[in-house]
Amino acid sequence: MKARVFVTLKNGVLDPQGKAIGHALSGLGFEGVGEVRQGKVIDIELAESDRAKAKASLTEMCEKLLANTIIEKYDIELQA
Amino acid sequence: MKSAVVVFPASNCDRDAAVALEQITGKKPHMVWHADSEIPKDVDLIVLPGGFSYGDYLRCGAMASLSRVMQDVIAKAQEGRLILGICNGFQVLTEAGLLPGALMRNANLKFVCRPVGLTVEETQNVFTRKYDNGQRVVFPVAHGDGNYFADNETLDRLEGEGRVVFRYAEGENPNGSSRNIAGILNEKRNVLGLMPHPERVCDPLLGGTDGRAMFESLIESVS
């Protein structure tokens, strides 16, 4: 099974890289660009075929390593 | 005082720390490789040095915090052994859960490498007892991710418990750090993490000696 994990900064945590990207987009002439937030995408292949077990295992991976839950939140997407 | 310096792949201030420790303590520190399982038992102080351990992959300090030697560092911290994390070492300590909060990308997105004025906020601890309370010192900083972040409750607690040991002087905050925090203690006060580099200002030839008192404090504390 393949999974995709999205790791992003929590709301309220300053994201200077996102801000810089937003400024650059405005500088390129894109109008109406609001807040920009940057994050990470991590693709993981798993041998597990049970979706519930895979989700539980990925949650543990996020808590232990993939995200720093002091500043980041994560979303897990299981792919068919 | 017997000391050890942990060397991770891409540590780059391990030798600076070793030179300062040898000059001030008179004893060569043990250099302990990250894949070793144990730090020598007679060590009083463990230094996690500056650098870019594991290439800062995923997050600064994240990979190093899971390296084999860190299990022993965590055990020794719990026993009350003294741990000093400088720069990347501070990042490793927060990732390992030995210190609260996190170090984020500098607010201005720039790598800052220059001397910075600090105030010593707290001297009731083994690391800064030989400084004066409120003393102004200058240590170099050299980091891209030194922006200390913690929720307000944690920050209030750190301040209330006298665990903010160093702050950037007014107007000198180089990274956007919350409440100008440059260095903090753990609850038991045996683990200190700071972004600036005291080990680089221990010899007048290198432009200053403001960092010496930290190592002298530690020597006095363990004797």
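Up top you'll find the structure we're talking about.
All of the points below concern the structure found in this document. The model shown is predicted, which means the values in this text are computed figures rather than measured ones.

1. Thoughts on the overall build of chain A
Part 1 of the reasoning: Each helix and strand in chain A was counted, giving 2 helices and 3 strands.
Part 2 of the reasoning: Secondary structure elements of chain A, listed N to C terminal, follow the sequence β-α-β-α-β.
Part 3 of the reasoning: In terms of C-alpha radius of gyration, chain A reaches 16 Å, well past the compact-globule figure of 12 Å for 80 residues.
Part 4 of the reasoning: Each of the three principal axes of chain A carries a C-alpha extent, and together these read 45 × 30 × 15 Å.

2. A closer look at the overall build of chain B
Part 1 of the reasoning: For chain B, the count of helices and strands is 5 helices and 11 strands.
Part 2 of the reasoning: The burial tally for chain B puts 57% of its 223 residues in the buried class.
Part 3 of the reasoning: Residue pairs at least 24 apart in sequence account for 73% of intrachain contacts in chain B once pairs closer than 6 positions are excluded.
Part 4 of the reasoning: Approximately 8900 Å² of chain B is accessible, and the part contributed by carbon and sulfur atoms is 48%.
Part 5 of the reasoning: Side chains of chain B carry 23 positive and 28 negative charges; the gap between the two charge centres is 3 Å.

3. Observations regarding the packing of aromatic side chains
Residues and elements named next belong to chain B.
Part 1 of the reasoning: Scanning the entire structure with this criterion turns up 4 aromatic pairs over all chains.
Part 2 of the reasoning: Relative to Tyr 148, the ring of Phe 90 lies with its centre 6.1 Å away and its plane at 15°, an arrangement referred to as stacked. Taken together, the residues span a long stretch of sequence, with Phe 90 in helix H3 (residues 88–95) and Tyr 148 in strand S8 (residues 147–149) at a distance of 58 residues.
Part 3 of the reasoning: Phe 90 gets classed as buried once you look at its relative accessible area, which sits at 0%.
Part 4 of the reasoning: Among the aromatic residues, ring-to-ring pairing joins Tyr 131, Phe 139 and Phe 166 into one connected group.

4. Re the sheet that holds strand S3 (residues 72–79) of chain A
All names here are of chain A.
Part 1 of the reasoning: Strand order in the open sheet formed by 3 strands is S2-S1-S3, with antiparallel pairing between adjacent strands. Two strands bound the open sheet, and with one partner strand each, they are strand S2 (39–45) and S3. Shown here is a sheet whose adjacent strand axes are inclined to one another by a mean of 20°, direction ignored.
Part 2 of the reasoning: Helix-sheet contacts for helix H2 (residues 51–66) involve strand S1 (2–9), S2 and S3, and the interaxial angle to S3 is about 155°.

5. What about the pairing of strand S3 (residues 45–48) of chain B?
Residues and elements named next belong to chain B.
Part 1 of the reasoning: Of the two faces of S3, both are covered, the one formed by Leu 45 and Val 47 as well as the one formed by Ile 46 and Leu 48.
Part 2 of the reasoning: In this structure, S3 lies alongside strand S4 (residues 82–86), joined through 4 bridges in parallel fashion. For Leu 45, the partnering residue across the bridge sits in S4 and is Leu 82.
Part 3 of the reasoning: Viewed along the sheet, the connection from S3 through helix H2 (residues 68–79) into S4 turns out right-handed.

6. A word on the pairing of strand S10 (residues 181–185) of chain B
Residue and element names in this part refer to chain B.
Part 1 of the reasoning: Of all 5 residues in S10, 5 are buried; the element is thus mostly enclosed.
Part 2 of the reasoning: Examined bridge by bridge, strand S9 (residues 164–168) and S10 share 3 bridges and lie antiparallel to one another. Looking across to S10, one finds that Arg 167 is bridged to Ile 181.
Part 3 of the reasoning: Linking S10 to strand S11 (residues 191–194), which pair antiparallel, is a turn of 5 residues; within it Arg 189 sits at a positive phi near 65°.

7. So, the pattern of salt bridges
Residues and elements named next belong to chain B.
Part 1 of the reasoning: Counted by the stated rule, this structure contains 25 salt bridges over all chains.
Part 2 of the reasoning: Note that Asp 72 is salt-bridged to Lys 76, the shortest N-O span being 2.9 Å. In this pair, Asp 72 and Lys 76 both sit in helix H2, 4 residues apart, roughly one turn of the helix. For the pair formed by Asp 72 and Lys 76, the shared burial category is buried.
Part 3 of the reasoning: Its salt-bridge partner being Glu 220, residue Lys 130 comes within 3.0 Å of it at the nearest N-O pair. Of the two residues, Lys 130 is situated in the loop between strand S6 (112–120) and strand S7 (136–143) and Glu 220 in helix H5 (residues 212–222); the sequence distance between them amounts to 90 residues.
Part 4 of the reasoning: Lys 130 gets classed as partly exposed once you look at its relative accessible area, which sits at 39%.
Part 5 of the reasoning: Each of Glu 121, Asp 156, Glu 159, Arg 167 and Arg 179 takes part in a single network of salt bridges with overlapping partners.

8. A look at the nonpolar core
Part 1 of the reasoning: Ile 39, Leu 84, Tyr 148, Phe 166 and Leu 192 of chain B are the most contacted members of the largest nonpolar core, which has 63 residues in total.
Part 2 of the reasoning: Discounting chain neighbours no more than four positions away, the residues touching Tyr 148 of chain B are Phe 90, Pro 100, Gly 101, Ala 102, Leu 103, Leu 155, Leu 158, Ser 177, Ser 178, Ile 181 and Ile 184 of chain B.

9. Regarding the side chain of Glu 72 of chain A
Part 1 of the reasoning: Structurally, Glu 72 of chain A is set in strand S3.
Part 2 of the reasoning: For Glu 72 of chain A, a relative accessible area of 8% puts it in the buried group.

10. Some remarks on a nonpolar patch on the surface
Part 1 of the reasoning: A surface patch of nonpolar side chains, amounting to about 310 Å² of accessible area, comprises Leu 28, Phe 30 and Val 33 of chain A.
Part 2 of the reasoning: Here Phe 30 of chain A falls in the exposed class, since its relative accessible area comes to 52%.

11. Things to note about the interface of chain B and chain A
Part 1 of the reasoning: Each side of the interface is counted separately: chain B has 13 residues, and chain A has 15 residues.
Part 2 of the reasoning: The junction of chain B with chain A conceals about 1200 Å² of combined surface from both sides, 71% of it contributed by carbon and sulfur atoms.
Part 3 of the reasoning: Contact with chain A buries area across many residues of chain B, yet Leu 58, Arg 59 and Met 104 of chain B alone supply 41% of it, more than any other trio.
Part 4 of the reasoning: For the pair chain B and chain A, the number of links is 1 salt bridge.
Part 5 of the reasoning: Here Arg 59 of chain B ties to Glu 72 of chain A by a salt bridge, and the two come within 3.7 Å at their closest N and O atoms.
Part 6 of the reasoning: For the interface between chain B and chain A, the tally reads 5 residue pairs in polar contact (both at pLDDT 80 or more).

Each value, and the rule that gives it
- Residues numbered from 1 in each chain as written.
- Chains lettered and ligands numbered in written order.
- Predicted model: local features only at pLDDT ≥ 70, side-chain atom pairs only at ≥ 80, totals over all residues.
- Heavy atoms only, no water.
- Helix = DSSP H or I, 4+ residues; strand = E, 2+ residues; numbered from the N terminus.
- Rg over C-alpha atoms; globule rule 2.2 N^0.38 Å.
- Buried < 20%, exposed > 50% of the residue type's maximum accessible area, 1.4 Å probe, protein only.
- Contact = heavy atoms within 4.5 Å.
- Areas by Shrake-Rupley, 256 points an atom, 1.4 Å probe, with all protein chains shown as cover.
- Lys, Arg positive; Asp, Glu negative; His and termini not counted.
- Charge placed at Lys NZ, Arg CZ, Asp CG, Glu CD.
- Phe/Tyr/Trp six-rings, centres within 6.5 Å; stacked < 30°, edge-to-face > 60°.
- Pairing = 2+ DSSP bridges.
- Axes fitted to C-alpha atoms, helices over the stretch in contact; angles between N-to-C directions.
- Right-handed = clockwise from strand over helix to strand, strands pointing away.
- Salt bridge = Lys/Arg side-chain N within 4 Å of Asp/Glu carboxyl O.
- Core = buried A, V, L, I, M, F, W, Y, C linked by side-chain atoms within 4.5 Å.
- Patch = residues over 30% accessible without salt bridge, like charges linked within 9 Å, V, L, I, M, F, W, Y side chains within 5 Å.
- Buried area = accessible area lost by both parts, 1.4 Å probe.
- Polar contact = N/O pair within 3.5 Å; in protein donor to acceptor, adjacent residues only side chain to side chain.

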